[in-house]
Amino acid sequence: MTIDDPARPDTTEAPPGTPATPTPAPTPAPTPVTPRRPGAWRALRPLLLRLHFTAGLLTAPFLLVAALSGLLYALSFQAEKVVYAHELEVPVGDAVLPLERQVGVAREANPDGTVTAVWPAAEPGATTRVLMADPDAPEGTSLAVFVDPYTGEVRGQLPSYGSSGALPLRTWIDGLHRDLHLGEPGRIYSELAASWLWVLVLGGLVLWVARRRTRRRALLLPEGGPKSRRRTLSWHGAVGLWAALGLLLLSATGLTWSRYAGENIGTLQDGLGGATPALSAGAAPGAGSEHAGHGTGHQHGTDPAPATADIGVDRAVAAARAAGLDSASIAVTLPAEGSGYVVKETDKQFPVELDSVALDPADGTVLDRLRFADYPLLAQLTRIGIDAHTGVFLGLFNQVALAALALALVLMILWGYRMWWLRRPRRPVGRGAWRKVPTTLMLPLAAATALVGWFVPLLGLSLLVLLAAEVVLTLVTRARTRKETA
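Residues numbered from 1 in each chain as written. Predicted model: local features only at pLDDT ≥ 70, side-chain atom pairs only at ≥ 80, totals over all residues. Heavy atoms only, no water.

As recorded by an unreviewed UniProt entry, the protein carries the name PepSY-associated TM helix domain-containing protein and is attributed to Streptomyces roseolus.

1. Section: the nonpolar core
The criterion, for reference: In these notes, a set of buried Ala, Val, Leu, Ile, Met, Phe, Trp, Tyr and Cys residues joined through side-chain atoms within 4.5 Å is what counts as a nonpolar core. Here's how the labels work: a residue is buried when its accessible area is under 20% of the maximum for its type, exposed when over 50%, partly exposed in between, all with a 1.4 Å probe on protein chains only. Under the DSSP-based scheme used, a helix requires at least four consecutive residues in state H or I and a strand at least two consecutive residues in state E, with every element numbered from the N terminus. It only takes one pair of heavy atoms within 4.5 Å for two residues to be counted as in contact.
Counting 37 residues, the largest nonpolar core has Leu 63, Trp 196, Leu 197, Leu 247, Leu 409 and Met 412 as its most contacted members. Only helix 1 (40-83), helix 5 (187-209), helix 7 (229-255), helix 11 (396-422) and helix 13 (457-485) provide two or more residues apiece to this core. The element contributing the most residues to this core is helix 11, with 10 residues. Setting aside chain neighbours within four positions, we find Leu 409 in contact with Leu 63, Ala 67, Leu 197 and Leu 247. Formed by 26 residues, the second largest nonpolar core is a distinct cluster that contains Val 115, Val 332, Val 343 and Leu 359.

2. Let's talk about a nonpolar patch on the surface
Note the threshold: Patch criteria: residues need more than 30% relative accessible area and no salt bridge. Like-charged residues are merged within 9 Å; nonpolar side chains of Val, Leu, Ile, Met, Phe, Trp and Tyr are merged within 5 Å. Note that accessible areas follow from Shrake-Rupley with a 1.4 Å probe, and for residues the cover is restricted to the protein chains shown. One side-chain nitrogen of Lys or Arg within 4 Å of one carboxyl oxygen of Asp or Glu is enough to make a salt bridge.
On the surface, a cluster of nonpolar side chains totalling about 500 Å² of accessible area is made up of Leu 268, Leu 272, Leu 377, Leu 378 and Leu 381. Residue contributions to the nonpolar patch peak at three residues, all from helix 10 (residues 377-389). Looking at the element boundaries, Leu 381 is found in helix 10.

3. Overview of the UniProt feature "transmembrane region" (unreviewed entry) in the protein
Worth spelling out the cut-off: UniProt positions are given in the numbering used here, feature names are shortened, and annotations may be inferred rather than shown by experiment.
As recorded in UniProt, the feature "transmembrane region" (unreviewed entry) lies at residues 51-75, 193-211, 232-252, 396-417 and 437-455. What you have in residues 396-417 is 100% helix and 0% strand, and the ends, taken at the C-alpha atoms, are 32 Å apart. When the span residues 437-455 is considered, its composition is 89% helix and 0% strand, and the gap between its end C-alpha atoms is 25 Å.

4. Notes on the pattern of salt bridges
In the structure shown here, the tally under the stated rule is 12 salt bridges. With a closest N to O distance of 3.9 Å, Lys 348 and Asp 387 form a salt bridge. Placement of Lys 348 in the loop between strand 6 (341-345) and strand 7 (356-359) and of Asp 387 in helix 10 is noted, with a sequence separation of 39 residues between them. Taking the relative accessible area as the measure of exposure, Lys 348 reaches 14% and is therefore buried. Judged by relative accessible area, Asp 387 falls into the buried class, the value being 2%. For Arg 371, the salt bridge identified is with Asp 374, shortest N-O distance 3.2 Å. Among the residues examined, Asp 374 registers a relative accessible area of 47% and is labelled partly exposed.

5. Side note on the packing of helix 5 against helix 7
Using the following cut-off: Fitting a line to C-alpha atoms yields each axis, with helices limited to the stretch in contact; the angle taken between N-to-C directions then spans 0 to 180 degrees. Each angle is binned into one of four classes, with values under 35 degrees roughly parallel, values over 145 roughly antiparallel, values of 65 to 115 roughly perpendicular, and all other values oblique. Crossings are assigned a handedness: left-handed for a near helix turned anticlockwise from the far helix by less than a right angle, right-handed for a clockwise turn. Residues are grouped as follows: nonpolar covers Ala, Val, Leu, Ile, Met, Phe, Trp, Tyr, Cys and Pro; charged covers Asp, Glu, Lys and Arg; every other residue, Gly included, is treated as polar.
Contact geometry for helix 5 and helix 7: axes closest at 8 Å, N-to-C directions at 140°. One way to sum up the angle between helix 5 and helix 7 is to call them oblique. At the point where helix 5 passes helix 7, the crossing takes the left-handed sense. Judged by residue contacts, Glu 191, Ala 194, Ser 195, Leu 197, Trp 198, Val 201, Leu 202, Leu 205 and Trp 208 of helix 5 engage Leu 233, Ser 234, Gly 237, Ala 238, Leu 241, Ala 244, Leu 247, Leu 248, Ser 251, Gly 254 and Leu 255 from helix 7. Here the residues of the contact of helix 5 with helix 7 are counted per class, giving 14 nonpolar, five polar and one charged.

6. Re the pairing of strand 1 (residues 114-119)
Heads up, the condition is: A pair of strands is treated as paired once DSSP finds two or more bridges between them.
By the criterion of burial, strand 1 is predominantly enclosed, with six of the six residues buried. Where strand 1 lies against strand 2 (residues 128-133), five bridges are found, and the strand directions are antiparallel. Residue pairing for strand 2: Val 115 is matched across the bridge by Met 132. Examined bridge by bridge, strand 1 and strand 5 (residues 330-333) share two bridges and lie antiparallel to one another. Each residue of the ladder has a partner; that of Val 118, found in strand 5, is Val 332.

7. Quick word on the packing of helix 1 against helix 4 (residues 168-179)
Packed helices, taken two at a time, are described by their axes: the angle between them and the distance between them. Interaxial distance between helix 1 and helix 4 falls to 9 Å at its minimum, and their mutual angle equals 175°. Overall, the two elements helix 1 and helix 4 adopt an arrangement that is roughly antiparallel. Of the residues in helix 4, those in contact with Ala 66, Ser 69, Gly 70, Leu 72, Tyr 73, Ser 76, Phe 77, Ala 79, Glu 80 and Val 83 of helix 1 are Leu 169, Arg 170, Ile 173, Asp 174, Leu 176 and His 177. Taken together, the residues of the contact of helix 1 with helix 4 break down into nine nonpolar, four polar and three charged.

8. Digging into the environment of Pro 149
Position of Pro 149 relative to the elements: it lies in the loop between strand 3 (142-147) and strand 4 (154-160). Leave out the neighbours within four places in its chain, and Pro 149 touches Val 90, Ala 95, Val 96, Leu 97, Gln 102, Ala 121, Ala 126, Thr 127 and Thr 128.

9. Observations concerning unusual backbone geometry
Cis geometry marks the peptide bond from Phe 350 to Pro 351, where omega comes out at -5°. As for its placement among the helices and strands, Pro 351 is situated in the loop between strand 6 and strand 7. Even without being glycine, Leu 180 reaches a positive phi, approximately 60°. The topology assignment puts Leu 180 in the loop between helix 4 and helix 5. Relative accessible area serves as the criterion here: at 30%, Leu 180 is assigned to the partly exposed category. Residue His 181 is not a glycine yet carries a positive backbone phi of 60°. In this fold, His 181 is placed in the loop between helix 4 and helix 5. The exposure class assigned to His 181 is partly exposed, which follows from its relative accessible area of 40%.

10. So, the side chain of Arg 170
Tracing the backbone shows Arg 170 in helix 4. Every residue in contact with Arg 170, bar those within four places of it in the chain, is listed here: Tyr 73, Ser 76, Phe 77, Glu 80, Ser 164 and Gly 165.

Have a look at this one:
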């Protein structure tokens, strides 16, 4: 009996005529597969999703208040025309009285006040507004006496705020939007909202655009279907995409009025040569600054200079017209100690007319002139951005756009909370995602975040709070897991 050796090849010859069986080729050893390193987006997406979810959940109440009060502010322009129609509108007459006479009528109506500025009627059927420093006027406001330019009748007296001339209704809504009527501490709420708005918008925009979808139209248009989290996400993302640019502009311009980030923005703007120029003659109170009317105080005027040679308001306006101020909307600041007449164009609608001149009260000689076209580009953009934020740059269209943005933000916040409610039993979105980001990405990301957090302090501080809370929750979850498995 022969035992075959499995280690030796079979040498038995096949019968003649039998075809040879081909020897199979040896199977090559499998090449070891090097695991692919995840791309930057795969590593960063969970972290961005976690930040968008957590920050949105915690800052949404501040954003909701800002959006609702901003919606009221956008509607207040038209509401003022209805509420204060008696003070603002008069029947059109045959001839307009001289401004000096109208100012005299205002002085007779309020002998305790000191006239600081005059806003002539900008269109037929509008009243002339005579601004006074009055001890009975609320702090930060002037007393506006409304005079019929055709008959000289006093139509009423109301507090007026800032260079925009906001009346009590709009002033109250503005205070609600700015600081909840809590003064300086209340401004923290609005700065926190403005600080996070751009972060949430940019983060949500990246997440929405990078999302996989079967139909391209789903990027721009919300999808229907059953009431589910997917449908809510579709509306949240599509509306956010359409509103993104406007919300980013609101966030940027809103930060210019903020307490802490606003100082850094002002310093940066000055360093880049974008400071707003001023008349060398020194504008008297009542002229207003670039932030007047939506976040800065309006100072009362000083007593006029002793009555010497004075050309009067009418001749001052004529001299300003001769110097090139052709806008129908102007504001005339009366001379104070050390300064002359200051006449400014106040038409902030496109095209902007904001030129100004300072005049010698003795003879109307132009002491200085400042044209809006001579502003540095950055100052022009700041001016336009602020006016767009306050709803005056494009008039009614601007106000409708602001109302639409505010409504869109309210809806996105509500949709965001609904999505959180629908998935609340599950594990929180992306918890601990920061630990999975490669060091080569995390280090530059942390450096950029620190720089932004320094420039926008409330954003940086609140981000540290979120990070601390994230670490605590991670440790608590880890301790529970160990206890359950023990």
